[in-house]
Amino acid sequence: MHEHDSVLSVTAPTSGVKGTVQVPGDKSISHRALILAALSEGTSTITGLSRGEDPTSTRGALSRFGVEFVDQPDGAVLVHGGLRHEPVDVLDCGNAGTGIRLLSGVCAGYPGLSVLTGDQYLRRRPMDRVAEPLRLMGARVDARDGGRLAPLVIRGGGLSGITYELPKASAQVKSCLLLAGLSATGPTTVIEPHPTRAHTEEMLLAAGARIEVEGTAVTVHPGPLAPTDHAVPGDPSQAAFWAVAAALAGEIELPNLYLGFGRADFLGILRRMGADVQVEESTGSVRVASAPLRGVEITGADVPGIVDEIPVLAIAAAGAEGTTVISGADELRVKESDRVTSTVAMLNAFGVRAEERPDGMVIHGQGDAAFSPAQVDSAGDHRIAMAAAVAAVARAGGQSTISGWGSVATSYPGFVEDLVEVSGATVNLDP
Ligand code: S3P
């Protein structure tokens, strides 16, 4: 596993961005397509799968259960599903929080022993949020640091359905429990404080599971899944990087995106800031063009819908007139990095005034004024690295460097090629 320590230098012309970007397949949907296909007896086909390292780790983990994945010449993946045996080795989830949390639910449902771990960043992220409810369902779950951190050791099987109120809104925890619930006796209900992305319940329904949704409560009934063909749309969280670059300087077309519940809210925030955003719902196409931006207030109710886009929205806020205040975002502290700290450090590196708050940040937008060229440390976090690249091409003259660039491969391996294509930037990657 690489240590995510390569350095990207970016020297941008001042002409902004222009063009069309087809972003990679959605990462959240890719994890779920792989897992649901693996859980159903028979053959499923996945098209448009993300080739990022995170879903690839999930695919590797599922193959430890005897699931077979066959790459087709046209890029589709055939999945011969059915968990055949307990995993023959440790499940290495790499950098993927979604991978380890969703797979924990799968492991809890499977009668056997599983050990789940990941890279140095994932091993710092809280796992008690899944371990505790899985124990309530009857799984035996041990974890490092008094049950808080990976590696996780799960002895699954013999689960009972529960009703569980999530202390914090989390699609990952909801999904973990719904997946475990497929093999419990009796229904499992998960109640969220705020609604989050609904991929798992939507895709379970499509795979023949009995799912009921009532307000913020989702119930799954135990039962088998049917093989299903999954067409993975473009990832809106990756499109957000180009949307912000265009909102600050230029114009970008983003075709074939997933624009369903809980994933496209960043477009509303950009509109509130004053950006020119056009959406074609029927095709999932979005066009963003620059306009003078103004600061906005982002509160806890907004956060679940933009939880992954805040680092790059912070770049838009930095190039806006006035102050942006983000509150109710303490969950950002337990993402791939502490994204309150790493986002503010990135802004400061570009010469933008911004301060941390315990649950968010304050960003003093500098309007049209250019950012200073920066030396940014991604803190091993792909979204910080890509947000910094956007700042470099949209507003900073001169040369910026971004260390820890290797993290970008977890979600968007072709990012640099797209960056060069739309911005004309000169880049150098120092491995
Ligand atoms: C994800 C849910 C979010 C998000 C993550 C992907 C998912 O995490 O940050 O990148 O695919 O379910 P939480 O649900 O834990 O906030």
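Residues numbered from 1 in each chain as written. Predicted model: local features only at pLDDT ≥ 70, side-chain atom pairs only at ≥ 80, totals over all residues. Heavy atoms only, no water.

The name that an unreviewed UniProt entry assigns to the protein chain is 3-phosphoshikimate 1-carboxyvinyltransferase, with the source organism given as Nocardiopsis alba. Taken verbatim from the UniProt record of the protein chain, the Pathway (unreviewed entry) comment is "Metabolic intermediate biosynthesis; chorismate biosynthesis; chorismate from D-erythrose 4-phosphate and phosphoenolpyruvate: step 6/7." UniProt's Catalytic activity (unreviewed entry) comment on the protein chain is quoted here verbatim: "3-phosphoshikimate + phosphoenolpyruvate = 5-O-(1-carboxyvinyl)-3-phosphoshikimate + phosphate". (UniProt positions renumbered as here; feature names shortened; annotations may be inferred.)

Q: Explain the environment of Pro-133 here, please?
A: Structurally, the position occupied by Pro-133 is in helix α4 (residues 128–137). Note: C-alpha distance between Pro-133 and Ile-162 (29 residues apart in sequence) is 8.5 Å. The contacts of Pro-133, once residues within four sequence positions are left out, are Asp-128, Ile-162, Tyr-164 and Leu-177. (Helix = DSSP H or I, 4+ residues; strand = E, 2+ residues; numbered from the N terminus. Contact = heavy atoms within 4.5 Å.)

Q: Can you help me understand the UniProt feature "active site" (unreviewed entry) in the protein chain in this one?
A: Summarizing the sequence annotation, UniProt attributes the feature "active site" (unreviewed entry) to Asp-308 in the numbering used throughout. Position of Asp-308 relative to the elements: it lies in the loop between β18 (297–298) and α10 (310–318). Exposure remark for Asp-308: the relative accessible area of 13% places this residue in the buried category. Filtering out sequence-adjacent residues up to four positions away, Asp-308 remains in contact with Arg-197, Ser-237, Arg-339 and Arg-383. In terms of polar contacts, Asp-308 uses its side chain to reach the side chain of Arg-197, at 3.4 Å. (Buried < 20%, exposed > 50% of the residue type's maximum accessible area, 1.4 Å probe, protein only. Polar contact = N/O pair within 3.5 Å; in protein donor to acceptor, adjacent residues only side chain to side chain.)

Q: Explain the domain arrangement of the protein chain to me, please; I cannot follow it from the model alone.
A: Often, the extent of an interface is quoted as the loss of accessible area on bringing the components together. The domain architecture assigned to the protein chain consists of domain 1 (7–25 + 233–430) and domain 2 (27–220). Taken over C-alpha atoms, the centre of domain 1 sits 29 Å from the centre of domain 2. Taken together, the contacts link 23 residues of domain 1 with 25 residues of domain 2. Here domain 1 meets domain 2 over a buried area of about 2,000 Å², counting both sides, of which 51% is carbon and sulfur. Where domain 1 packs against domain 2, one counts 4 salt bridges. One salt bridge in this structure joins Glu-331 and Arg-129, with 2.9 Å as the shortest N-O distance. One can count 11 residue pairs in polar contact (both at pLDDT 80 or more) joining domain 1 with domain 2. Residues that form the side of domain 1 that touches domain 2 fall into these classes: 10 nonpolar, 5 polar and 8 charged. (Domains from an automatic or database assignment. Buried area = accessible area lost by both parts, 1.4 Å probe. Salt bridge = Lys/Arg side-chain N within 4 Å of Asp/Glu carboxyl O. Nonpolar A, V, L, I, M, F, W, Y, C, P; charged D, E, K, R; others polar.)

Q: For this particular structure, what's the right way to read the packing of helix α1 (residues 27–39) against helix α6 (residues 171–181)?
A: Between two packed helices, what matters for the description is the angle formed by their axes and the separation of those axes. Across the interface, α1 lies against α6 with an axial gap of 13 Å and an inter-helix angle of 5°. With respect to their mutual orientation, α1 and α6 come out roughly parallel. On the side of α1, the interface is formed by Arg-32, Ile-35, Leu-36 and Leu-39, while α6 contributes Ala-171, Ser-175 and Leu-179. (Axes fitted to C-alpha atoms, helices over the stretch in contact; angles between N-to-C directions. Parallel < 35°, antiparallel > 145°, perpendicular 65-115°, else oblique.)

Q: What am I meant to see in the sheet that holds strand β4 (residues 68–71) here?
A: The strands making up a sheet are joined through hydrogen bonds of the backbone, oriented either antiparallel or parallel. In spatial order, the strands read β4-β5-β3-β14; together these 4 strands make up an open sheet with mixed pairing. The open sheet terminates on both sides in strands that have one partner only, identified here as β4 and β14 (230–231). With 5 bridges connecting them, strand β3 (residues 42–47) and strand β5 (residues 77–81) associate as antiparallel partners. If you follow Gly-42 over to β5, its bridge partner there is Gly-81. (Pairing = 2+ DSSP bridges.)

Q: Looking at this model, I keep getting lost on the side chain of Glu-336. Mind explaining?
A: Here Glu-336 lies in the loop between β19 (321–326) and α11 (339–349). There is a polar contact of 3.0 Å between the side chain of Glu-336 and the side chain of Arg-339. A polar contact of 2.9 Å, which involves the side chain of Glu-336, links it to the side chain of His-382. Aside from chain neighbours lying at most four places away, what touches Glu-336 is Lys-27, Asn-95, Tyr-121, Arg-125, Ala-379, Asp-381 and His-382.

Q: Hey, could you run me through the UniProt feature "binding site: phosphoenolpyruvate" (unreviewed entry) in the protein chain in this one?
A: UniProt records the feature "binding site: phosphoenolpyruvate" (unreviewed entry) at Lys-27, Gly-97, Arg-125, Gln-172, Arg-339 and Arg-383, using the numbering of this structure. Counting through the fold element by element, Gln-172 comes out in helix α6. Gln-172 gets classed as buried once you look at its relative accessible area, which sits at 14%. With respect to the helices, strands and loops of the structure, Arg-383 is situated in helix α12 (residues 382–394). Looking at Arg-383, the relative accessible area reads 2%, which means it is buried. Those residues in contact with Arg-383 that sit more than four places away from it in its chain are Lys-27, Ser-237, Gln-238, Phe-241, Asp-308, Pro-311 and Arg-339.

Q: Help me understand the pairing of β19 in this model?
A: Of the pairings in the sheet, the one linking β18 to β19 comprises 2 bridges and is parallel in character. Counterpart to Ile-298 in the pairing with β19 is Ile-326. Where the polypeptide runs from β18 across α10 and back to β19, its parallel neighbour, the crossover connection is right-handed. Direction of pairing for β19 relative to strand β21 (residues 360–366): antiparallel, over a ladder of 6 bridges. Its bridge partner being in β21, Ile-326 is matched across the sheet by Met-361. (Right-handed = clockwise from strand over helix to strand, strands pointing away.)

Q: I keep staring at the packing of aromatic side chains and nothing clicks. Help me out?
A: Here a ring pair, both rings aromatic, is described through the centre-centre distance and the interplanar angle of the planes. Scanning the model with the defined rule gives 7 aromatic pairs in all. Ring geometry for Trp-242 against Tyr-412: centres 6.3 Å apart, planes inclined by 90°, an arrangement best described as edge-to-face. One end of the pair, Trp-242, is in helix α8 (residues 236–248); the other, Tyr-412, is in the loop between β23 (399–403) and α13 (415–423), with 170 residues separating them in the sequence. The same class applies to Trp-242 as to Tyr-412, namely buried. Both rings, one in Phe-350 and one in Phe-371, keep their centres 6.0 Å apart while their planes meet at 55°; by these two values the pair is tilted. You can see Phe-350 sitting in the loop between α11 and β20 (354–357) and its partner Phe-371 sitting in the loop between β21 and β22 (375–377), a full 21 residues away along the chain. Both residues of the pair, Phe-350 and Phe-371, belong to the buried class. (Phe/Tyr/Trp six-rings, centres within 6.5 Å; stacked < 30°, edge-to-face > 60°.)

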